[in-house]
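Structural characterization, general
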Amino acid sequence: MPHISIKMYPGRTEEVKKGLAEKTKEFIMEQMNMEEKYISVSVEEYEKENWKEEVADKIRPEELYVKANF
């Protein structure tokens, strides 16, 4: 607790994805005053043509705190 799932289009290197996951973990640790051992982060890639069906349509409006504007 907590688990953060980052969903995005493919194309970033493993190095970039790992860095993003690490920085996200560090931010969560600081903001929630939690130890590292409680936090997990995954990075999932979805093709652009599948984004709406596989990601956007599955987000419940009551859980969306920041909405993309594209």
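Scroll up to find the structure.
Residues numbered from 1 in each chain as written. Predicted model: local features only at pLDDT ≥ 70, side-chain atom pairs only at ≥ 80, totals over all residues. Heavy atoms only, no water.

This brings us to unusual backbone geometry. With an omega of -5°, the peptide bond running from M1 to P2 counts as cis. With respect to the helices and strands, the residue P2 is situated in the segment before β1 (3-8). (Helix = DSSP H or I, 4+ residues; strand = E, 2+ residues; numbered from the N terminus.)

Counting five residues, the largest nonpolar core is built from I4, I6, I28, M34 and I39. Setting aside anything within four residues of it in sequence, one finds I6 in contact with L20, T24, V41, S42, V43 and E44. (Core = buried A, V, L, I, M, F, W, Y, C linked by side-chain atoms within 4.5 Å. Buried < 20%, exposed > 50% of the residue type's maximum accessible area, 1.4 Å probe, protein only. Contact = heavy atoms within 4.5 Å.)

Within the secondary structure, E36 is located in the loop between α1 (14-32) and β2 (40-45). Classification of E36 as partly exposed rests on a relative accessible area of 44%. Residues within four places of E36 in sequence aside, it is in contact with K25 and M29.

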